[in-house]
Amino acid sequence: QGDTRLKVVSYATNRGRGYALRRGFEAARGSTIVTIDADLSYDPSHIVGMLTILAERPEIDFVVGSPYTKGGTTVNVPKGRLWISRWGNRILGLAMPGGLTTVTGILRAYRREVLDVLDLESNDKDLHLEIVSKAIAAGFVPAEMPATLTGRKRGKSKFFFKATVASHLI
């Protein structure tokens, strides 16, 4: 509280993760925009690593934190969900250039210009895929950083197998 660099963006009705992120992107004023789950399934310390990559490597336009790249790991993630996520990301990653092992995750840092030029439309989790595919198609360069994905300790997952598979395949 009291930190002028932080701004709360809200709206009355839950309209999905993608909608929330798009609203946040529109309201953000910084030169770098970071996204992370509020349930702390990724430790906030990963933010420093992503920002360091962007600071040290000007050729990189956005960084994706990945539990599936070399050095990444998972802790206490249910096996079924992990299997679906790992294979889904592998298949989707092969379908686009960039060599990313994680294309659906939220742990990311973007240079502002990446998000400014993309015409984003998705209202749900498929926004993550939309950003990666459109950014790479526009010539932006991704990097991947090892990250640790931790299973949730509280709350209920909104993961639904059929809906997730259908949206990602489409």
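To keep things clear, this report deals only with the structure shown in the data block. These numbers come from a predicted model, not from an experiment.

By size, the foremost hydrophobic cluster in this structure holds 23 residues, and its most contacted members are Phe25, Phe62 and Ile131. For this core, the secondary structure elements donating two or more residues are helix H1 (17-27), strand E2 (62-66), helix H4 (112-117) and helix H5 (127-137). With 6 residues, H5 is the largest single contributor of residues to this core. Excluding anything up to four places from it in sequence, Phe62 contacts Leu54, Ala109, Tyr110, Val114, Val132, Ala135, Ile136, Phe140, Val141, Pro142 and Ala143. Among the nonpolar cores identified, the runner-up in size contains 15 residues, and Leu54, Val77, Met145 and Ala147 belong to it.

Before going further, it helps to examine the packing of H1 against H5. Viewed as axis vectors pointing N to C, H1 and H5 meet at an angle of 55 degrees, and their least axial separation amounts to 9 Å. It follows that H1 is oblique to H5 by the angle criterion. Here Arg17, Gly18, Leu21, Arg22 and Phe25 of H1 lie close against H5, whose contacting residues are Leu127, His128 and Ile131. Among the residues making up the contact of H1 with H5, the classes are represented as 4 nonpolar, 2 polar and 2 charged.

Rules used throughout
- Residues numbered from 1 in each chain as written.
- Predicted model: local features only at pLDDT ≥ 70, side-chain atom pairs only at ≥ 80, totals over all residues.
- Heavy atoms only, no water.
- Core = buried A, V, L, I, M, F, W, Y, C linked by side-chain atoms within 4.5 Å.
- Buried < 20%, exposed > 50% of the residue type's maximum accessible area, 1.4 Å probe, protein only.
- Helix = DSSP H or I, 4+ residues; strand = E, 2+ residues; numbered from the N terminus.
- Contact = heavy atoms within 4.5 Å.
- Axes fitted to C-alpha atoms, helices over the stretch in contact; angles between N-to-C directions.
- Parallel < 35°, antiparallel > 145°, perpendicular 65-115°, else oblique.
- Nonpolar A, V, L, I, M, F, W, Y, C, P; charged D, E, K, R; others polar.

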